[in-house]
Amino acid sequence: MVIDGRKSHEEPGGKEVSAGAAADLCRVHSGGRAFFRRRRGGTCLALAAGFCVCRAREIDRLSEYLASVYTGGEILDIRTQREGELNALRDDIYKITTILGEQKAALEEDKRLLADFLGDVAHQLKTPIAAILLQTELWEDEAVPAEEKDQCASRVSQAAERMGWLVEQLLKLCRLDAAVVRFERKQNDALELLRAAAQSVQPLCADRGVAVEWAGPPVSCLCDRAWTLEALTNLAKNAAEHTDAGGRVTLSCEGNALYTEFAVENDGPPIPEEEFPHLFERFWRGKNAAPGSAGIGLALAKAIAQGQGGTVRAENCPRGPRFTLRFYAGDEAVTALSPGGHPDAVS
């Protein structure tokens, strides 16, 4: 409808509104929308600012936590069960700090073991060095008869031999600890290994009045011959040192499809229960240890067995102590040998 040259509008319900009034209503409506847009924008900015502030605070807390860990502080479990990039960062930081903490503990343990090792080595070498110095003084004393000087030379030679043996055993332990030994595992005649070990300790057994014997079925063993013989000899030597005159040291073996096991038994007194946890610790000597024992042989046997994926254990049997050395067949089964046979000749 047109009134005085201006169009009018009809509101719902039949009421008419002039064009000016309609324009005013439009301006009010547009201004309201602009007001709400500005208010909504301000709210969004406030929320974004609050989010940034909270995130910055969380990052500051993580930075302070990392600084405390770096200076030796306690490693805490900062993980959460929530989603988000910051929580993923928390998880990663926790993993890294945990690994670093474990590495630090391992390094501290290594330092402690190294200090103990050096102290034990110094203690072991102190006795033969003192003996050499004492015999040297006697040698230089003009009042000492010539015959006694000859004995001094013999004692110096014995002390030097013991030092050489100690150094050799320590070098073997160090090589095994450093994992630089390359074990060449091949099929070996188990009985031949027993025979060689028995022959190695025969002089010691003869001096102590102890018999040594070996027996077992003809089986082969997948192992490094030289190192396995070293382990067997150390076990046999330990058995001989703990056997009284008139006793026996017995070396035996048995095998199946899974493993070959060597056993060393003797007629000596049983191992005290409290000593079992320490038997294979280096430089550890029990109350029944032989005079001059360095406490290296059993530790070396353990390192050799473990280096080849095998095991060594000790137990008390009705006859006396029994040490067993077990080597697993791996991909190759233990081969039964015919009498007089050789591993290379088995089909």
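As a reminder, the structure under discussion sits directly above these lines.
Caption draft 1: Summary view of the packing of aromatic side chains. What the rule picks out here adds up to four aromatic pairs. A ring pair is formed by F183 and W227, whose centres lie 6.1 Å apart and whose planes are at 70°; its orientation type is edge-to-face. In this pair, F183 sits in the loop between α3 (146–177) and β4 (186–189) while W227 sits in helix α5 (residues 225–241), placing the two residues 44 residues apart along the sequence. One exposure class covers both F183 and W227, and it is buried. Arranged with centres 6.2 Å apart and planes meeting at 80°, the rings of F280 and F323 form a pair that is edge-to-face.

Caption draft 2: Seen up close, the nonpolar core. Within the largest apolar cluster, 51 residues are counted, with the highest numbers of intra-cluster contacts made by L176, V249, L251, F262, F323 and L325. Counting seven residues, the second largest nonpolar core, distinct from the first, contains L62, I78, L86 and Y94.

Caption draft 3: Spatial organisation of α5. Here α5 spans 24 Å end to end across 17 residues, near enough to the 24 Å set by a 1.5 Å rise per residue. For α5, the tally of buried residues reaches 14 of 17 residues, placing the bulk of the element in the interior. If you check the start of α5, you find a side-chain oxygen 3.2 Å away from the backbone N of A226, and it comes from D224.

Caption draft 4: Here's a closer look at the pattern of salt bridges. On inspection of all chains with the given rule, the structure shows 12 salt bridges. Residues D267 and R319 are paired through a salt bridge, measuring 2.6 Å at the closest nitrogen-oxygen approach. Residue D267 is found in the loop between β8 (259–266) and α6 (297–307), and its partner R319 is found in the loop between β9 (311–316) and β10 (321–328); the two are separated by 52 residues along the sequence. Exposure remark for R319: the relative accessible area of 26% places this residue in the partly exposed category.

Caption draft 5: Region of the structure containing the sheet that holds β9. Read from one edge to the other, the open sheet built from five strands follows the order β5-β7-β8-β10-β9, with strand pairing classed as mixed. Unpaired on one side and paired on the other, β5 (211–215) and β9 mark the two borders of the sheet. Taken pair by pair, the neighbouring strands of this sheet meet at an average axis angle of 15°, ignoring direction. Here β8 pairs with β10 via seven bridges, running antiparallel. Among the inter-strand pairings, V264 is bridged to a residue of β10, identified as F323. Running over the sheet, helix α4 (residues 190–208) touches β5, β7 (248–255) and β8 and is turned about 180° from β5.

Caption draft 6: Local environment of the packing of α5 against α6. Direction vectors running N to C along α5 and α6 enclose 150°, while the axes themselves pass 9 Å from each other. The handedness of the crossing between α5 and α6 comes out as left-handed. Taken together, the residues of α6 that come into contact with α5 (itself represented by W227, T228, E230, A231, N234, L235 and N238) are G297, L298, L300, A301 and I304. Across the contact of α5 with α6, the residue classes break down as seven nonpolar, four polar and one charged.

Caption draft 7: Geometry of the packing of α3 against α6. Interaxial distance between α3 and α6 falls to 10 Å at its minimum, and their mutual angle equals 30°. As summarised for this structure, α3 and α6 are arranged roughly parallel, according to the angle between their axes. α3 and α6 meet at a crossing whose hand is left-handed. Contacts between α3 and α6 involve Q169, K172, L173 and L176 from the former and A299, L300, A303 and I304 from the latter. Residue classes in the contact of α3 with α6 are distributed as six nonpolar, one polar and one charged.

Calculation rules
As a convention, each chain's residues are numbered from 1 in the sequence order in which they are written. It should be noted that, the model being predicted, local features are given only for residues of pLDDT at least 70 and side-chain atom pairs only at 80 or more, the latter also being counted only at that level, while totals for whole chains, interfaces and linings use all residues. Hydrogen atoms and water are omitted, and side-chain values are computed over all heavy atoms in the structure. Working definition: rings of Phe, Tyr and Trp (its six-membered ring) pair if their centres are within 6.5 Å, and the pair is stacked with planes under 30 degrees apart, edge-to-face with planes over 60 apart, and tilted otherwise. Segments assigned H or I by DSSP are reported as helices when at least four residues long, segments assigned E as strands when at least two residues long, and all are numbered from the N terminus. Exposure is judged per residue with a 1.4 Å probe applied to protein chains only, and the accessible area is read against the type maximum: over 50% gives exposed, under 20% gives buried, and values in between give partly exposed. Remark: nonpolar core denotes a set of buried residues (Ala, Val, Leu, Ile, Met, Phe, Trp, Tyr, Cys) joined through side-chain atoms within 4.5 Å. Here a helix's expected span is defined as the number of its residues, less one, multiplied by 1.5 Å. Under this definition, polar contacts are N or O atom pairs within 3.5 Å; protein pairs additionally need one hydrogen-donor-capable and one acceptor-capable atom, and for neighbouring residues in sequence, both atoms have to be side-chain atoms. Here a salt bridge means any side-chain nitrogen of Lys or Arg lying within 4 Å of a carboxyl oxygen belonging to Asp or Glu. Criterion used throughout: strands pair if DSSP finds at least two bridges between them. Note on method: axes are straight lines fitted to C-alpha atoms, helices fitted across the in-contact stretch only, with angles between N-to-C directions ranging 0 to 180 degrees. Contact between two residues is taken to exist if any of their heavy atoms lie within 4.5 Å; hydrogens are not considered. Two helices cross in a left-handed way if the nearer one is turned anticlockwise from the farther one by less than a right angle. They cross in a right-handed way if the turn is clockwise. Amino acid classes used here: Ala, Val, Leu, Ile, Met, Phe, Trp, Tyr, Cys and Pro are nonpolar; Asp, Glu, Lys and Arg are charged; the rest, including Gly, are polar. Convention used here: angles under 35 degrees read as roughly parallel, angles over 145 as roughly antiparallel, angles from 65 to 115 as roughly perpendicular, and any remaining angle as oblique.

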